[in-house]
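Fold and geometry: a report
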Amino acid sequence: MASLWRYLLAGLGLAAVLAGILVAVYLTAPRSAQPVGPDVSRTKKTDNGLYVASFVPERGVVRQGELESWVLTLKTKTGASVERAAIAISGGMPQHNHGLPTSPQATDYLGEGRYRIEGLKFTMSGWWQLRFAISSGAGSDTVLFNVVL
Amino acid sequence: MRRLFRFLALTVIVLLAGCGKPDFSDAEKKTIASLSLNTLPPLKPDTTNRFADVPAAAALGSTLFFDVGLSRDGTVSCSTCHKIDRQFQDDLPQAVGVGRTNRRTMPLAGVARDPWFFWDGRRDSLWAQALTPLENPLEQAGNRTAYAHYMKARFGERYERIFGPLPDFSGIPLNASPLGTDTEKAAWNAMSGAQRDAINGVYANIGKAIAAFERSIEPGPTRFDRFALDLATGAEPKGDAVFSREEILGLKLFIGKGNCVTCHNGPRFTDNGFHNTGVPPAADLPPDRGRVDAVAQVEADPFNCFGAYRDGEASACGELRFMVKDAPELVRAYKTPSLRGAAARPPYMHAGQFSSLDEVVAHYAKAAPSVEGTSEIHPLRLSDRERAALVAFLKTLAE
């Protein structure tokens, strides 16, 4: 009889240790186990290395669901401002197979290689991509920015 | 030794019991908070309508909304289809005015926050929207000069107190419109440019008064909002703010595996965008291609944001200016409806294709391809229990 109890208790003990390990793993693991995210850097070399582009929200913060302006700054490899560039913008959400909900445009040249990109709207949280096709006297190149909300 | 085992056994029991409690990750909590009605920002001013927040205009708009005099045969008003005691909709698969239309009446709670109006977004302001049913032969079926004459005869003084003097009506035909019957069109074309502009101005003001009224139609808090508030503040939910296990599972599916929250997001459960979700066409209706056909219509509308009847600056026209004009995903794309109150107002979708939430959830699980264009919905593996849970959660948005 006594040995039965011992087995039972030992069993319970084992279960407790197992549960403890599980809890430890559960508590230490990152909560929403996301795969390694895309590169969200705001400054990048363009695909063929012609320009260095940086892309930031004009007001500093991104607000979901509202029309926003961002600023695209273009410099050459040597750091000179790129003026009179023609810029075409496309993009979408790669995980939802849809494009952008608006068609943003470069509406203004602000000097020092800075272009205002108006009409951006991020309608949902998640991984967005913005592709810029840039051409100027220095040549044509493309660059892709990831924005994760 | 015994004591240690007893302690361990107790911990196991406590841990197991803990699993039944609602447990949300930080990311889930953040999403739930973003859906809660208390995150709805205050309504922004509408600079394209300088009467939007003028109380006398809203009062006149409310009168007009319920006035059957604003129709060809004096039998139909906005409220014929947008019924005040039915969430401003009519429970029909397709609306019926002077004739039967091809689309379902949309509920109006929170509509003033939208950038686009109608299932396909073929109007870009609340006031321009209101002008469309007035002249639609299947809805109110009237015409522009008849409405202007009616305003003068019935509401002349009230109108002038708000909008300023009415134009000179001498020589204005009783029935004329660029959209009416052949005789009405001919009568419209015979008017001078100044006369047409004056009548369009009165007509736009009718829309602006109605829009001012509609701005007051807002969604109210539901069981879900009480639950979300308690979750955010860490308070123990009481009374109907307590969610059943099934409702919690439904909420988790809605913001998780079901992907619903990708489109039905924010405190109104809509991204204000257009999506092809593979909803099949309703039988016996003419072809309906959704957003793709609305682009040209909103561009051609003389009452759009770029038009002469807008108040304020053109800088308010960003939505129209940066509108997507040609993309394959506009084909059979429809506006994401708010899900607040949806459980209490079947049928569903742009032409009332589904008669229950069970059918809606079954549609999302199956994700049948679209008859035209590409559906953004991917099939979901949902057990019967999970389907019922999603429906149970949607009901908390209507209680």
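Residues numbered from 1 in each chain as written. Chains lettered and ligands numbered in written order. Predicted model: local features only at pLDDT ≥ 70, side-chain atom pairs only at ≥ 80, totals over all residues. Heavy atoms only, no water.

Details of helix H10 (residues 245-255) of chain B
The condition that has to hold: Using a 1.4 Å probe on the protein chains alone, a residue whose accessible area is under 20% of its type maximum counts as buried, one over 50% counts as exposed, and one in between counts as partly exposed. By definition, any uninterrupted DSSP run of H or I lasting at least four residues is a helix, any uninterrupted run of E lasting at least two residues is a strand, and each is numbered from the N terminus.
With eight of eleven residues buried, H10(B) lies mostly within the body of the structure. Taken as a whole, H10(B) has its buried residues at Glu247(B), Ile248(B), Leu249(B), Gly250(B), Leu251(B), Leu253(B), Phe254(B) and Ile255(B).

Let's talk about the state of the cysteines
Disulfide: a covalent bond formed between the sulfur atoms of two cysteine residues. All names here are of chain B. Condition: Sulfur atoms of two cysteines make up a disulfide when they are within 2.5 Å.
This structure, assessed with the given rule, holds one disulfide over all chains. A sulfur-sulfur distance of 2.1 Å marks the disulfide that ties Cys305 to Cys317. Handedness of the Cys305-Cys317 disulfide follows from its S-S torsion of about -75°: it is left-handed. Taken together, the residues span a long stretch of sequence, with Cys305 in the loop between helix H11 (291-300) and helix H12 (318-321) and Cys317 in the loop between H11 and H12 at a distance of twelve residues. Classification of Cys317 as buried rests on a relative accessible area of 2%. Its sulfur unpaired, Cys81 is 8.8 Å from the next cysteine sulfur, which belongs to Cys78. Here Cys263 is not cross-linked by a disulfide; its sulfur's nearest cysteine counterpart is in Cys260, at 9.1 Å.

Here we look at the confidence of the model for chain B
Residues and elements named next belong to chain B. Filter applied, for reference: For every residue, the pLDDT score states the predictor's confidence, bounded by 0 at the bottom and 100 at the top. Note on definitions: a residue-residue contact is assigned when non-hydrogen atoms from the two residues lie within 4.5 Å.
Averaged over every residue, the pLDDT of chain B is 95; the share at 70 or more is 95%. Long-range and interchain partners of residues 10-20, a stretch whose pLDDT sits below 50, account for five contacts in this model, where long-range means more than four residues apart. With pTM at 0.90, the complex prediction returns an ipTM value of 0.85.

Considerations on the side chain of His275(B)
Definition in use: Polar contacts, as used here, are pairs of N or O atoms within 3.5 Å; protein pairs need one atom able to donate a hydrogen and one able to accept it. Residues neighboring in sequence count only if both atoms are side-chain atoms.
Secondary-structure assignment places His275(B) in strand S1 (residues 274-275). Here the side chain of His275(B) touches Glu376(B) through a polar contact of 2.9 Å, side chain to side chain. Non-local contacts of His275(B), meaning those with residues more than four positions away in its chain, are made with His98(A), Met124(A), Cys263(B), Arg332(B), Ala333(B), Tyr334(B), Thr336(B) and Glu376(B).

Notes on the domain arrangement of chain B
All names here are of chain B. Rule in force here: Per the annotation, domain bounds derive from an automatic or database assignment of domains. As used here, buried area is the combined drop in accessible area, with a 1.4 Å probe, of two parts when they are placed together. Any Lys or Arg side-chain nitrogen found within 4 Å of a carboxyl oxygen on Asp or Glu counts as a salt bridge. Under the scheme applied here, ten amino acids are nonpolar (Ala, Val, Leu, Ile, Met, Phe, Trp, Tyr, Cys and Pro), four are charged (Asp, Glu, Lys and Arg), and all others, including Gly, are polar.
Under the domain assignment used here, chain B contains domain 1 (20-40 + 221-288 + 331-395) and domain 2 (55-214). Between the C-alpha centres of domain 1 and domain 2 there is a distance of 33 Å. If you sort the residues of domain 1 by the area they bury against domain 2, Arg268, Lys335 and Arg345 come out on top, with a joint share of 31%. Remark: the boundary between domain 1 and domain 2 carries three salt bridges. There are 14 residue pairs in polar contact (both at pLDDT 80 or more) connecting domain 1 and domain 2. Class assignment for the residues of the side of domain 1 that touches domain 2 results in 13 nonpolar, four polar and five charged.

Looking at the sheet that holds strand S9 (residues 139-148) of chain A
Residue and element names in this part refer to chain A. The cut-off we apply is this: Pairing between two strands requires that DSSP report at least two bridges joining them.
Taken together, four strands build an open sheet; the order of strands is S5-S4-S8-S9 and the sheet is antiparallel. Either end of the sheet is taken by a strand with one partner, and the two such strands are strand S5 (98-99) and S9. Of the strand pairs in this sheet, strand S8 (residues 127-136) and S9 are connected by ten bridges, and their pairing is antiparallel. Along S9, the bridge assignment pairs Trp128 with Val147.

Considerations on the packing of helix H13 (residues 357-366) of chain B against helix H14 (residues 384-395) of chain B
What describes two packed helices is the angle between their axes and the distance between those same axes. Residues and elements named next belong to chain B. Defined as follows: Lines are fitted to the C-alpha atoms to define the axes, a helix being fitted only along its stretch in contact, and any angle between axes, read from their N-to-C directions, falls within 0 to 180 degrees. Under this scheme an angle from 65 to 115 degrees is roughly perpendicular, one under 35 degrees roughly parallel, and one over 145 degrees roughly antiparallel; angles in between are oblique. Two helices that cross are described as forming a left-handed crossing if the nearer one is turned anticlockwise from the farther one by less than a right angle, and a right-handed crossing if clockwise.
Viewed as axis vectors pointing N to C, H13 and H14 meet at an angle of 125°, and their least axial separation amounts to 10 Å. It follows that H13 is oblique to H14 by the angle criterion. In terms of crossing hand, the pair formed by H13 and H14 is right-handed. Contacts between H13 and H14 involve Leu357, Asp358, Val361, Ala362 and Ala365 on the former and, on the latter, Arg387, Leu390, Val391 and Leu394.

What to know about the sheet that holds strand S1 (residues 43-45) of chain A
Residue and element names in this part refer to chain A. Pairing within the open sheet is antiparallel, and its five strands lie in the order S1-S2-S3-S7-S6. Sheet topology places S1 and strand S6 (105-111) at the edges, where each strand pairs with a single neighbour. Each adjacent strand pair in this sheet contributes to an overall mean axis angle of 25°, direction not counted. The pairing of S1 with strand S2 (residues 51-57) spans three bridges and is antiparallel. Across the sheet, residue Lys45 finds its bridge partner in S2, namely Val52.

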